[in-house]
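The residues making up each chain are set out below.
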Amino acid sequence: MNKKSCELIADLLPLYADNVCSSESRAVVAEHIAECENCRMQLRKMNCDIKAVPAEDINTIKRIKKRIFIEKLVIIIVSVLFVFGVSYGTLFMLLNTDTTMDYQKYNLAENVWVEQDEKGDVWLVRKALATQAWFIYPDIIDSNGNHIDDEAFSKDNIAAFAYTLKQRAIDSFAISETMIDNEERTHLFNVNDNDKIDTIYYYDDTNEAEYVLWERS
Ligand SMILES: [Zn+2]
């Protein structure tokens, strides 16, 4: 080998070692080092230098990898918390959204009634699915048939009460068909303490329908 071509190859060797030279240059270098022991040794040295990465570089790489790992972890945790938050919020909203127990659907004609005992106490009695009501929503009606929320409602002309059974919106999705034999009794008022109330209705406020449960005798 002549010294001149070795000098040329020496310029190309770092590029060759880093694998960044053109394919033409690669071919020239490969052809040369196949025959030139000296340049082959130079290349071997370079490859060794490349493999021996200084310790501080390793630390930098580790630091970068660690930072990427932490960033990924934070993104995952935030995403998981967000999904849980949204799910919890939806469940919370459904659990606290009430809906009227439909008079027809829950067969309330047979399972909800009002009883008056010998002392004059008036009781709302519920059976079967009606006992699953989340709460009993009272509503006052005046003699013109206006409900307490109506603008025309007259406080001085209270004539009737209405009760609406409310259940959690989420219960409607999983309503059980199991009939419950127990009776739930709720004290409403005493006829002697309240002479204004003549009628008690079940008020299906979704369908705006009233069903008479009790009338003063
Ligand atoms: Zn050479």
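Definitions and cut-offs
Residues numbered from 1 in each chain as written. Predicted model: local features only at pLDDT ≥ 70, side-chain atom pairs only at ≥ 80, totals over all residues. Heavy atoms only, no water. Buried < 20%, exposed > 50% of the residue type's maximum accessible area, 1.4 Å probe, protein only. Helix = DSSP H or I, 4+ residues; strand = E, 2+ residues; numbered from the N terminus. Pairing = 2+ DSSP bridges. Axes fitted to C-alpha atoms, helices over the stretch in contact; angles between N-to-C directions.

**Digging into the pairing of strand β7 (residues 199-204)**
- With six of its six residues buried, β7 lies for the most part within the structure.
- Burial along β7 is two-sided: the residues T199, Y201 and Y203 and I200, Y202 and D204 are all buried.
- One ladder, built from four bridges, connects strand β5 (residues 158-168) with β7; its direction is parallel. For A162, the partnering residue across the bridge sits in β7 and is Y201.
- Two strands pair when backbone bridges link them, and β7 and strand β8 (residues 209-215) are joined in this way by six bridges, in the antiparallel orientation. Bridge pairing links Y202 to Y211 in β8.

**A word on unusual backbone geometry**
- In this structure, N19 takes a positive phi of about 65° despite not being glycine.
- Within the secondary structure, N19 is located in the loop between α1 (3-18) and α2 (23-35).
- At N107, a residue that is not glycine, the phi angle is positive and equals roughly 50°.
- Within the element layout of this structure, N107 appears in the loop between β1 (98-100) and α5 (108-111).
- Among the residues examined, N107 registers a relative accessible area of 34% and is labelled partly exposed.

**Describing the sheet that holds strand β2 (residues 112-116)**
- Ordered in space as β2-β3-β6, the three strands form an open sheet in which the pairing is antiparallel. Whereas interior strands pair on both sides, the edge strands pair on one side only; in this sheet they are β2 and β6 (184-190). The mean inter-strand angle of the sheet, taken between neighbouring strand axes irrespective of direction, is 25°.
- In this sheet, strand β3 (residues 121-126) lies alongside β2 in antiparallel orientation, the contact comprising five bridges. Along β3, the bridge assignment pairs V112 with R126.

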